[in-house]
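Below are the chains, spelled out letter by letter.
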2 protein chains.
Amino acid sequence: MSHDDATSWTVHPSDALRVGAGFRLADLDPESTPGYSGKKADGEADLRVGSDLLDPLQERLHAAAIGGSATDAVLLVIQAMDTAGKGGILRHVVGAVDPQGVQIAAFKKPTDEELAHDFLWRIQKQLPPPGKLGVFDRSHYEDVLIGRVRSLAPADEIERRYGAINDFEADVAGRGIRIVKVMLHISKDEQKARLQERLDRPDKHWKYNPGDVDERELWDDYMGAYQVVFDRTSTAAAPWHVVPANRKWYARLAVQGLLLDALEGIDPQWPAADFDVAAEKARLAAS
Amino acid sequence: MSHDDATSWTVHPSDALRVGAGFRLADLDPESTPGYSGKKADGEADLRVGSDLLDPLQERLHAAAIGGSATDAVLLVIQAMDTAGKGGILRHVVGAVDPQGVQIAAFKKPTDEELAHDFLWRIQKQLPPPGKLGVFDRSHYEDVLIGRVRSLAPADEIERRYGAINDFEADVAGRGIRIVKVMLHISKDEQKARLQERLDRPDKHWKYNPGDVDERELWDDYMGAYQVVFDRTSTAAAPWHVVPANRKWYARLAVQGLLLDALEGIDPQWPAADFDVAAEKARLAAS
C-alpha cells in the first residue's frame, strides 16, 4: 500500500507539485494545498501517519546499503526565501527519521577556500553515502539565485552554471542518489508577518538577521531568478517541486510526501545474510 | 524546576551513575535501575517528559552560540559491547532533538590514514561546534579497549593513552564542551539473547556480524579493559557513567537524564539582540 491510500492526498505529492513545462511561479498561490483534500487537523494527523512510514523505510534503505550492496540514497535539496520554513521541515519531517540515517549539510556564504574552487566543489563533498537521507539546507542553487541577483559572478559564468548543474545532477542520480528538489514558496506578505514575529519575540531575536530585509527588498529579482532555475534545471533526472508554504502544516506534509514517494520508488529490501545463519547459531550457542 | 522533580528519579542520574573511587564494574547488576523508583511504564512516560525538555534546551544552547557568543556544547560519548543498545539511544533519546542541533560521529575500525596519525587525530576533527549536541558512537576509548584486548598497539603506547585521553578531555572541557561519558552495561547472557534474535529474524540479519561472536569470546578481557578505563579516566572534568542496560527502557531514560543534567548545568540563555530592534521594525514596515 502506498502512503497516499491512508491519507487525504488525492494526487501523489510528486505529481501534484512537480515543475513541468510552462510552469509559472507567479501563478502558484502560496496559500494553496495542491493534491490534498484535507484541512489542518487532517494534515497534522497525516504527518504522524507519514512519520511512522518514513522512519522504517529509511531503516530498510540503510540496511540494504550496509548489509547488501545497494547504492541507493535520497537527497532532499531545500531552497527558499528566509522564514519560509526550512527549519520546520528539518525539525518536523526529517526529525522523524533515526538521526543515524540522516546527514544534513547547511550551505552558508562560501568561504575563501570554497570560492577558490568551482562552485560544485563544496557540494560534491556533502553528497549522502548509500543508505542515508541527505539534506541540503540551501545548495548549489544559491550560486544561481543570490549569485544572479547580486551579480556575485560574471554573467557568462552564471549562464554556464545551469548546464553544469544539470550535468552534475544527472551524474549523481546515475550513481543511485534520488534527488528531491524543493522550493518552499511563501508570499511576500507572509514573510513580513514572520519577520515581524521574530522582532516581536525576544526568544526569536537570534533568528533575525538585518540582512534578511536587504534580500527581501530584492523579492521580485529573486522570484525571477527562481523562475529561471525552474525553466532550466527541472530535468527528468532531478525535477523541481514547488511547495506552497504559507500554511506550514501543508508544506511539512508535502515534503514528507515527496520523501515517501522517493523511498517507495526505491522500494529498498532487507538484504540476505552474507554469512551462514545455521553455523552462526551454533557458534553463538557454544559461546 | 529540574526535570527530576516531575519524574520517578529519586537521585539525579549523574549522581546515581557516576563512576567514583573504588567503583567495581563486576559489582553493578545490569538488571538494576539505580536512582529510579519507577517501572517500565513510568520510564516510558518519563522518557516522553524528558524529550519535551531536551529539545528546547538544545535549541537554547544553539541560540546562545549563534546569536550570542557562548561556546558551550555537549558531547555524549557512548561505549558498549555489541547489542547493548547504542542504536536505541541514538534513535529514541538523541532522535528527540532537532536534527539540525545534532552531530553524530560513528568511529569504525581506523583507516590506514587514521592509523598513520596519533589515535586522537580523527577524534579531534569530530568535536561538536558551539551549540551542538555531539555524539560519539564509539570513540577514542576503542584504542584502550579493543586496542588493549587485541594488542593492536605496543603495551607502552596503550599505557601512554590513558594520560593522553585525560589531557585531551580536560582541554576539551576547558573549551566549553560538556563531556558525558557513558558505558552501556549488559550481561553476557543478555547479549546472547539479543544476538540470537538477530539470527532468528531475517529483517535483523543485516545487524549481525560474525565478528561479534569473536569479541564475545573475549568478554572477560573486555570487562577487565573497561575496569582499567574507569580506574584511570573517570576524572572531575569528564567522569564516566555506567548505565545498567539489560532493561532498554531504563538505559534510554538514564542517558536522557544525563544529557538533561548536563544541559541544565549549562543553563543556556536566549541571547540579546545584536541589532537595533526598533530600527529593524521600521525597516521591515517600510519594505
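Bear in mind the structure is a predicted one, so any value in this text is a computation, not a measurement.

Enquirer: For this particular structure, what's the right way to read the overall build of chain A?
Expert: Scanning chain A from terminus to terminus reveals 12 helices and 5 strands. Taking 2.2 N^0.38 as the reference for a compact globule, 287 residues should give roughly 19 Å; the C-alpha atoms of chain A span a radius of gyration of 20 Å, in line with that estimate. With the C-alpha coordinates aligned to their principal axes, the bounding extent of chain A is approximately 70 × 50 × 45 Å. Relative to its 287 residues, chain A shows a buried fraction of 55%. The contacts in chain A between residues at least 6 apart in sequence include a share of 82% that link residues at least 24 apart. Working note: accessible area of chain A is about 12200 Å², and carbon and sulfur atoms make up 48% of it. Distance from the positive charge centre (35 side chains) to the negative charge centre (46 side chains) of chain A: 4 Å.

Enquirer: In this structure, what is going on with the pairing of strand β3 (residues 133-137) of chain B? I would like to understand it.
Expert: Each regular strand displays side chains that alternate between the two surfaces of the sheet. All names here are of chain B. The buried fraction of β3 amounts to 5 of the 5 residues, a majority that puts the element mostly inside the structure. In terms of strand pairing, strand β1 (residues 73-80) meets β3 through 5 bridges, oriented parallel. Residue pairing for β3: L75 is matched across the bridge by G134. Of the pairings in the sheet, the one linking strand β2 (residues 102-106) to β3 comprises 5 bridges and is parallel in character. Across the sheet, the residue bridging to A105 is F136, located in β3.

Enquirer: It is not clear to me how the environment of V213 of chain B should be interpreted in this structure. Could you clarify?
Expert: Topologically, V213 of chain B is positioned in helix α9 (residues 210-216). Distance from V213 of chain B to N166 of chain B, taken between C-alpha atoms, is 31 Å for residues 47 residues apart in sequence. Setting aside residues up to four positions removed in sequence, V213 of chain B forms contacts with E280, R283, L284 and S287 of chain A together with Y208 of chain B.

Enquirer: So what exactly am I meant to see when it comes to the pattern of salt bridges here?
Expert: Residues and elements named next belong to chain A. Throughout the structure, instances matching the rule amount to 48 salt bridges over all chains. With a shortest N-O distance of 3.0 Å, R150 and E215 are connected by a salt bridge. In this pair, R150 sits in the loop between α6 (146-149) and α7 (155-174) while E215 sits in helix α9 (residues 210-216), placing the two residues 65 residues apart along the sequence. Classification of R150 as partly exposed rests on a relative accessible area of 36%. Linking R161 and E157 is a salt bridge whose minimum nitrogen-to-oxygen distance equals 2.9 Å. Residue R161 and its partner E157 are both found in helix α7; the two are separated by 4 residues, about one turn of the helix. With a relative accessible area of 10%, R161 lands in the buried category.

Enquirer: Hey, could you run me through unusual backbone geometry in this one?
Expert: Peptide bonds are, in most cases, trans, and in most cases residues other than glycine have a negative phi. The phi dihedral of T83 of chain A is positive, around 75°, even though this residue is not glycine. Structurally, T83 of chain A is set in the loop between β1 (73-80) and α3 (86-92). Here R138 of chain B, not a glycine, exhibits a phi torsion of approximately 65°, which is positive. The topology assignment puts R138 of chain B in the loop between β3 and α6 (146-149).

Enquirer: What exactly am I supposed to notice about the sheet that holds β2 of chain B here?
Expert: Note: strands within a sheet are paired through backbone hydrogen bonds, in either parallel or antiparallel orientation. Residue and element names in this part refer to chain B. Spatial strand order, β2-β3-β1-β4-β5: 5 strands in an open sheet with parallel pairing. Each having just a single partner strand, β2 and β5 (240-244) make up the two edges of the open sheet. Between one strand axis and the next, the sheet turns through 20° on average, direction left out of account. For β1 and strand β4 (residues 177-185), the ladder comprises 8 bridges, and the chain directions are parallel. From the neighbouring strand, A73 faces β4, where its bridge partner is I177. The sheet contacts of helix α11 (residues 248-266) involve β1, β3, β4 and β5, and relative to β4 the element is tilted by about 165°.

Enquirer: Sorry if this is basic, but what is going on with the relation of the copies chain B and chain A here?
Expert: Think of it as a corkscrew move, a rotation about one axis and a shift along it, taking one chain copy to the other. Between chain B and chain A, the superposition needs a rotation of 180° and an axial shift of 0.0 Å, giving an RMSD of 0.0 Å. Here the symmetry operator amounts to a two-fold rotation axis.

Enquirer: Even after reading the chapter, I still don't get the packing of aromatic side chains, so can you show me in this structure?
Expert: Given two aromatic rings, one states the distance between the centres and the angle between the planes to describe the pair. This structure, assessed with the given rule, holds 21 aromatic pairs over all chains. A centroid spacing of 6.5 Å and a plane angle of 15° characterise the contact between W270 of chain A and W206 of chain B, whose relative ring orientation is stacked. Here W206 of chain B lies in the loop between α8 (188-200) and α9 and W270 of chain A lies in the loop between α11 (248-266) and α12 (277-286), a pairing that spans two chains. Since its relative accessible area comes to 14%, W206 of chain B is described here as buried. The ring of W121 of chain A carries K125 of chain A above its face, with NZ or CZ at 3.8 Å from the centroid.

Enquirer: Would you mind going over α11 of chain B with me for this structure?
Expert: One turn of the α-helix equals 3.6 residues, which is why residues spaced by three or four share an orientation. All names here are of chain B. The end-to-end C-alpha distance of α11, which contains 19 residues, comes to 27 Å, matching closely the 27 Å that a straight helix rising 1.5 Å per residue would cover. Counting buried positions along α11 yields 15 of 19 residues, so the element is predominantly enclosed. One or two steps after α11, the chain reaches D267, where phi turns positive at roughly 50°.

Enquirer: For this particular structure, what's the right way to read the side chain of Q191 of chain B?
Expert: Residues and elements named next belong to chain B. Tracing the backbone through its elements, the reader meets Q191 in helix α8. Residue Q191 is classed as buried on the basis of its relative accessible area of 1%. Each residue touching Q191, except ones within four places of it in the same chain, is listed here: M81, D82, T83, I186, R216 and W219.

Enquirer: Could you clarify how one ought to interpret helix α8 (residues 188-200) of chain A in this entry?
Expert: A rise of 1.5 Å per residue sets the reference length of α8 of chain A, with its 13 residues, at 18 Å; its end C-alpha atoms lie 18 Å apart and thus fit the reference within 8%. Taken as a whole, α8 of chain A has its buried residues at E190, Q191, R194, L195, R198 and L199 of chain A. Among the structural elements, α9, α10 (219-233) and α11 of chain A together with α12 (277-286) of chain B are those in contact with the buried residues of α8 of chain A.

Enquirer: Whenever I open this one, the sheet that holds strand β3 (residues 133-137) of chain A confuses me. Can you help?
Expert: Residue and element names in this part refer to chain A. The strand order across the open sheet formed by 5 strands is β2-β3-β1-β4-β5, and the pairing between neighbours is parallel. Edge strands, defined here as strands with exactly one partner in the open sheet, are β2 (102-106) and β5 (240-244). Averaged over all adjacent pairs, the angle separating strand axes in this sheet is 20°, with direction ignored. Contacts from α11 reach β1, β3, β4 (177-185) and β5, with the element oriented near 165° to β4.

Enquirer: What am I meant to see in the interface of chain B and chain A here?
Expert: The interface is formed by 43 residues belonging to chain B together with 43 residues belonging to chain A. For the pair chain B and chain A, the two sides together bury roughly 4000 Å², of which 61% comes from carbon and sulfur. Inspection of the region where chain B meets chain A yields 10 salt bridges. In terms of residue count, the dominant contributor to the side of chain B that touches chain A is α12 of chain B (6 residues). Residues belonging to the side of chain B that touches chain A are distributed by class as follows: 20 nonpolar, 8 polar and 15 charged.

Enquirer: Sorry, what's going on with the confidence of the model for chain A here?
Expert: The predicted coordinates ought not to be read in detail in places where the model reports low pLDDT. A residue-level look at chain A finds 98% of positions with pLDDT of 70 or above and a mean pLDDT of 96. Predicted complex metrics record ipTM = 0.92 and pTM = 0.95.

Enquirer: Looking at this model, I keep getting lost on the side chain of Q256 of chain B. Mind explaining?
Expert: Following the sequence through the fold, Q256 of chain B ends up in helix α11. Those residues within four positions of Q256 of chain B in sequence are excluded, and the remaining contacts are D46, L47, G50, S51, L54 and V93 of chain B.

Reading the values: rules and limits
- Residues numbered from 1 in each chain as written.
- Chains lettered and ligands numbered in written order.
- Predicted model: local features only at pLDDT ≥ 70, side-chain atom pairs only at ≥ 80, totals over all residues.
- Heavy atoms only, no water.
- Helix = DSSP H or I, 4+ residues; strand = E, 2+ residues; numbered from the N terminus.
- Rg over C-alpha atoms; globule rule 2.2 N^0.38 Å.
- Buried < 20%, exposed > 50% of the residue type's maximum accessible area, 1.4 Å probe, protein only.
- Contact = heavy atoms within 4.5 Å.
- Areas by Shrake-Rupley, 256 points an atom, 1.4 Å probe, with all protein chains shown as cover.
- Lys, Arg positive; Asp, Glu negative; His and termini not counted.
- Charge placed at Lys NZ, Arg CZ, Asp CG, Glu CD.
- Pairing = 2+ DSSP bridges.
- Salt bridge = Lys/Arg side-chain N within 4 Å of Asp/Glu carboxyl O.
- Axes fitted to C-alpha atoms, helices over the stretch in contact; angles between N-to-C directions.
- Least-squares fit on C-alpha atoms with pLDDT ≥ 70 in both.
- Phe/Tyr/Trp six-rings, centres within 6.5 Å; stacked < 30°, edge-to-face > 60°.
- Lys NZ or Arg CZ within 6 Å of the ring centre and 35° of its normal.
- Expected span 1.5 Å × (residues − 1).
- Buried area = accessible area lost by both parts, 1.4 Å probe.
- Nonpolar A, V, L, I, M, F, W, Y, C, P; charged D, E, K, R; others polar.
- pLDDT = per-residue confidence, 0-100.

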